[in-house]
Amino acid sequence: MKKLLIGILCLLLCTGCTSKSNKKETKSSQDTSSTDSLDDSFYPIVNLGTNLIRETFYQDFSSSDDFQTIGRELQVLSTEYFSTSDYYMSEGLQLVKKDKDELLLRNKKHSLQPATGETVDGKEVSKMVENISEQDYYEKSGDKYTLKGMSIAIILDATGGTNDVLSDDSVNNYGKEVISKLYNYLQTKKSVKDIPTLIAVYRKNVKDENNYNGHYIYSSYCKNGKVGSIKLLDYNTYIFTSGEANKADESLYSQFSVFKNNVKNASTEAVGVVGYGKYKDGSIQTMKIQIKVSVKSYTELIYMVETVADEMDSHFSGVDTYAIINDQDGLKAVVIKNAGEDAQSTLLY
């Protein structure tokens, strides 16, 4: 009888341990969203809760294009390893405040920052990593979601906390080093030790220069306790019509110049037209156009919207393009043209 009781007690203890372990990796939820209104490069989202460290990310990046670029491009990079048809994405929940402090505070055992007195590019810097951002990927079974992958962006400050921008070589070399440091730290956490993880390094925009030049520079797919090969990434954003844009893409520069002139000529008063071309591996991915018009009647506004749509059809047939049209009182219309399709306009009133 005594042996039977001991056996039952052991079984209960083992069952309790198993439940606790599974709880770390499997969660229940009925709160999901579909990708019906988007394309297949987006993941369906499962809401498994909120990570309190999100607040610092918003504080750091809400004033620049980094806020969206970090998340969107990390998601796109992840599709190479976690299919959008097989996985659900959730907000990153594995790295909490304790982890973030360990990684971002100086002189911690696993800190991603340079130690006190350490120099980068010949300068003593106060920090190199501004923040980290995490996305989690789950497989679904019924209403159960099991963690199968993670993606983490390490966001570098190219100034090192100084008043000057460090050399590209110094920033790039530092970016390579922190990939291994972060993955080594993940291997100390039992809950994610065996989870395949894409680690990408993002160079945030230098706000004294502009609010759009942030971009990813490296990525590494890490699994089975080993850091994967580190890939050099080629992302750039060019302003149209700037000299850099002309050098990068002479053909599109010429098309945009004609588009800009035709839109300006259609306006009775001054109009501002600025394009932001996002490039990957030397090829245009999307074009965002910001247009500021000055109109005095609804007829003028409609004419400008129609002209913008017509010109987009004429000049950007192979590029996903969208134009945001503001007048002196705020946002008035959005024109969207997917590659190979006609432009579609939406008036906001």
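Residues numbered from 1 in each chain as written. Predicted model: local features only at pLDDT ≥ 70, side-chain atom pairs only at ≥ 80, totals over all residues. Heavy atoms only, no water.

**Q** Mind showing me how you'd approach the pairing of strand β7 (residues 129-141) here?
**A** Each regular strand shows side chains that alternate between the opposite faces of the sheet. In terms of residue burial, β7 counts as a mostly covered element, since ten of its 13 residues are buried. For strand β4 (residues 88-91) and β7, the ladder comprises four bridges, and the chain directions are antiparallel. From the neighbouring strand, Glu91 faces β7, where its bridge partner is Gln135. In the sheet, β7 pairs with strand β8 (residues 144-156) via twelve bridges, with the strands oriented antiparallel. By the bridge assignment, Lys140 is partnered in β8 with Tyr145. Counted between consecutive antiparallel strands, the loop separating β7 from β8 contains two residues, among which Gly142 sits at a positive phi close to 65 degrees. (Buried < 20%, exposed > 50% of the residue type's maximum accessible area, 1.4 Å probe, protein only. Helix = DSSP H or I, 4+ residues; strand = E, 2+ residues; numbered from the N terminus. Pairing = 2+ DSSP bridges.)

**Q** Teacher, can you tell me more about the layout of surface pockets here?
**A** Unfilled space is identified by rolling a water-sized probe across the atoms. Taken as a whole, the second largest pocket spans an internal volume of roughly 360 Å³. In terms of lining residues, the second largest pocket is bounded by 20 residues, among which Lys204, Asn205, Val206, Lys207 and Asp208 are the most central. When grouped by side-chain class, the residues that make up the lining of the second largest pocket number four nonpolar, eight polar and eight charged. (1 Å grid on protein atoms, 1.4 Å probe; cavity = no way out; pocket = protein on both sides within 12 Å on 5 of 7 lines; lining within 4 Å. Points joined across faces, edges and corners; volume = space filled by probe spheres on them. Nonpolar A, V, L, I, M, F, W, Y, C, P; charged D, E, K, R; others polar.)

**Q** How should the environment of Tyr235 be read in this particular structure?
**A** You can see Tyr235 is positioned in strand β12 (residues 235-240). The buried category is assigned to Tyr235, whose relative accessible area is 8%. Discounting residues that sit within four places of it in the chain, Tyr235 has contacts with Glu73, Leu77, His215, Tyr216, Tyr279 and Lys280. (Contact = heavy atoms within 4.5 Å.)

**Q** Sorry if this is basic, but what is going on with a negative patch on the surface here?
**A** A cluster of like negative charges, contributed by Asp39, Asp40, Asp320, Glu341 and Asp342, occupies part of the molecular surface. We classify Asp40 as exposed; its relative accessible area is 65%. (Patch = residues over 30% accessible without salt bridge, like charges linked within 9 Å, V, L, I, M, F, W, Y side chains within 5 Å. Areas by Shrake-Rupley, 256 points an atom, 1.4 Å probe, with all protein chains shown as cover. Salt bridge = Lys/Arg side-chain N within 4 Å of Asp/Glu carboxyl O. Lys, Arg positive; Asp, Glu negative; His and termini not counted. Charge placed at Lys NZ, Arg CZ, Asp CG, Glu CD.)

**Q** Whenever I open this one, the side chain of Asn131 confuses me. Can you help?
**A** You can see Asn131 is positioned in strand β7. Reaching out from Asn131, the side chain makes a polar contact with the side chain of Lys100 at a distance of 2.8 Å. (Polar contact = N/O pair within 3.5 Å; in protein donor to acceptor, adjacent residues only side chain to side chain.)

**Q** Quick question: what am I supposed to make of the packing of aromatic side chains here?
**A** Aromatic ring pairs are defined here through the distance separating the ring centres and the angle between the ring planes. What the rule picks out here adds up to 17 aromatic pairs. When the centroid spacing of 6.0 Å and the interplanar angle of 40 degrees are considered together, the rings of Phe57 and Phe67 count as tilted. Within this pair, whereas Phe57 is found in helix α2 (residues 54-61), its partner Phe67 is found in helix α3 (residues 66-78), the two being separated by ten residues in sequence. According to the relative accessible area criterion, Phe57 is buried, its value standing at 15%. (Phe/Tyr/Trp six-rings, centres within 6.5 Å; stacked < 30°, edge-to-face > 60°.)

**Q** Please clarify how the confidence of the model for the protein should be interpreted in this entry.
**A** Caution applies to low-pLDDT regions: their predicted coordinates should not be interpreted in detail. Per-residue pLDDT for the protein has a mean of 89; in total, 92% of the residues score no lower than 70. Here helix α1 (residues 2-25) stands out as the element of the protein with the lowest mean pLDDT, 39, in contrast to strand β9 (residues 197-203), whose mean of 98 is the highest. (pLDDT = per-residue confidence, 0-100.)

**Q** I'm lost on the packing of helix α7 (residues 250-266) against helix α8 (residues 298-315) in this one. Help?
**A** To characterise two packed helices, one gives the angle between the axes of the helices and the distance between these axes. In contact at an axis separation of 10 Å, α7 and α8 are set at 160 degrees when each is read in the N-to-C sense. Considering their axes alone, α7 and α8 lie roughly antiparallel with respect to each other. In the packing of α7 onto α8, the handedness of the crossing is right-handed. Of the residues in α8, those in contact with Gln255, Val258, Phe259, Asn262, Val263 and Ala266 of α7 are Tyr303, Met304, Thr307, Val308, Glu311, Met312 and His315. (Axes fitted to C-alpha atoms, helices over the stretch in contact; angles between N-to-C directions. Parallel < 35°, antiparallel > 145°, perpendicular 65-115°, else oblique. Left-handed = near helix turned anticlockwise from the far one by under 90°.)

**Q** Where do I start with the environment of Gln68 in this structure?
**A** Tracing the sequence through the fold places Gln68 in helix α3. Between the alpha carbons of Gln68 and Tyr276 there is a distance of 14 Å; along the sequence they are 208 residues apart.

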